[in-house]
Amino acid sequence: MAPDFPGEERDLRFFPIRNEAPRHLTPEQIRHYNERGYIFPLDVFSGEEIAAHRAYFDGLTAMAEAAGLDNYGINAWHTSCAGIYDLVTEGRILDYVQDLLGETVILWGSHYFNKLPGDGKRVSWHQDATFWALSPSKTVTVWLALDDTDVDNGAMTLIPGSHLHGAIEYVESSPEENNVLWQTVEGAPQYGAAPVPVELRAGQMSLHTDLLLHGSEPNLSQRRRCGLTMRFIPGDVLRTLPDWNEGAILCRGVEPHGHFNYIARPDGDRIPEKA
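Our subject in this report is the structure included herewith.

About the cut-offs
- Residues numbered from 1 in each chain as written.
- Predicted model: local features only at pLDDT ≥ 70, side-chain atom pairs only at ≥ 80, totals over all residues.
- Heavy atoms only, no water.
- Core = buried A, V, L, I, M, F, W, Y, C linked by side-chain atoms within 4.5 Å.
- Buried < 20%, exposed > 50% of the residue type's maximum accessible area, 1.4 Å probe, protein only.
- Helix = DSSP H or I, 4+ residues; strand = E, 2+ residues; numbered from the N terminus.
- Contact = heavy atoms within 4.5 Å.
- Disulfide = S-S within 2.5 Å.
- Pairing = 2+ DSSP bridges.
- Axes fitted to C-alpha atoms, helices over the stretch in contact; angles between N-to-C directions.

1. Looking at the nonpolar core
Moving on, step 1. Ile 93, Leu 100, Tyr 112, Met 205, Leu 207, Met 230 and Phe 232 are the most contacted members of the largest nonpolar core, which has 45 residues in total.
Moving on, step 2. Looking at this core element by element, the count peaks at 6 residues for helix 4 (residues 91-101).
Moving on, step 3. Once residues lying within four places of it in the same chain are set aside, the contact partners of Leu 207 are Leu 25, Tyr 33, Gly 37, Tyr 38, Ile 39, Leu 42, Tyr 96, Val 97, Leu 100, Val 140, Thr 141 and Val 142.

Right, here's the structure in full:
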């Protein structure tokens, strides 16, 4: 299947980061991102701080369950929940992201990937950029660990260097895959180096480019594995389909083109109308 939206042309190629004087990442980390497509681990929250975020997430989970949503259903709630808004605009996270994106940092999406103990679902090999009606493909994804994350509880796994191939053909996932998403790149390991699991302590985060092949196996342990993904772009990324310009946050800098409709900090916590 061609990685494109009907009638829409997108520039799906990797744009190397040019930053000779990063303030929070090191030059070696920038080189690693360009060559391998990711950076981890990065320290963000203390044990006490991330414990407070876990407790907050437990409250959101109760809201989602009462509304009939499953454990992957807390998606884009930064538009209606003050606590998530504060989390995705946390300065310590933005400092790392800004070293990759430059002066302007825009958040356009967030999603909790909450693998419960014994969860049989996997995330098949895929690239993020082929799901999204955005061009050029410059999204940087933050994966913030709410729980300790390792191979046993279904850690995200990356294929280093696969982002350098640009958009890769995918097929629609089969029912047998039990995939959380719906795209699968077949023969994914051929596109890069040996797969690398993203093992993080709670409160740490990773960064990866939207063209990096990644996935995760089912959580067959007795421990939860929850992480919050945050999707950030620079100011020169455009929307290419209607409604993709809604619900963004201008986190830092100036957005010069007027492509996005930015939201203010929500008052309290509620389920978004489109959830």
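And the narrative resumes.
2. So, the state of the cysteines
Moving on, step 1. A complete count under the given rule lists 0 disulfides for this structure.
Moving on, step 2. Free cysteine: Cys 81, not disulfide-bonded; nearest cysteine sulfur from Cys 226 at 14 Å.

3. A word on the sheet that holds strand 2 (residues 105-115)
Moving on, step 1. In spatial order, the strands read 1-10-5-12-2-14; together these 6 strands make up an open sheet with antiparallel pairing. The outermost strands of the open sheet, each flanked by one partner alone, are strand 1 (38-43) and strand 14 (249-252). Each neighbouring strand pair of the sheet contributes to a mean axis angle of 30°, computed without reference to strand direction.
Moving on, step 2. As paired elements, strand 5 (residues 140-145) and strand 10 (residues 204-209) share 5 bridges and run antiparallel to each other. Along strand 10, the bridge assignment pairs Val 142 with Leu 207.
Moving on, step 3. Sheet strands touched by helix 4: strand 1, strand 2, strand 5, strand 10, strand 12 (225-233) and strand 14. Its angle to strand 12, the strand with the most contacts, is close to 45°.

4. What about helix 4?
Moving on, step 1. Of all the 11 residues making up helix 4, 8 are buried; the element is thus mostly covered by neighbouring parts of the structure.
Moving on, step 2. Burial in helix 4 covers these residues: Ile 93, Leu 94, Asp 95, Tyr 96, Val 97, Asp 99, Leu 100 and Leu 101.
Moving on, step 3. Positioned one or two residues after helix 4, Gly 102 has a phi angle of 100°, which is positive.

5. Quick word on unusual backbone geometry
Moving on, step 1. Phe 40 connects to Pro 41 through a cis peptide bond whose omega is -5°.
Moving on, step 2. Pro 136 follows Ser 135 through a cis peptide bond whose omega is -5°.
Moving on, step 3. Non-glycine residue Ala 76 carries a positive phi angle of around 65°.
Moving on, step 4. In this structure, Ala 76 sits in the loop between helix 2 (47-66) and helix 3 (82-88).
Moving on, step 5. A relative accessible area of 28% means that Ala 76 is categorised as partly exposed.
Moving on, step 6. Positive phi values are uncommon outside glycine, yet Asn 178 reaches one of about 55°.
Moving on, step 7. Secondary-structure assignment places Asn 178 in the loop between strand 7 (171-172) and strand 8 (183-184).
Moving on, step 8. For Asn 178, a relative accessible area of 33% gives the class partly exposed.

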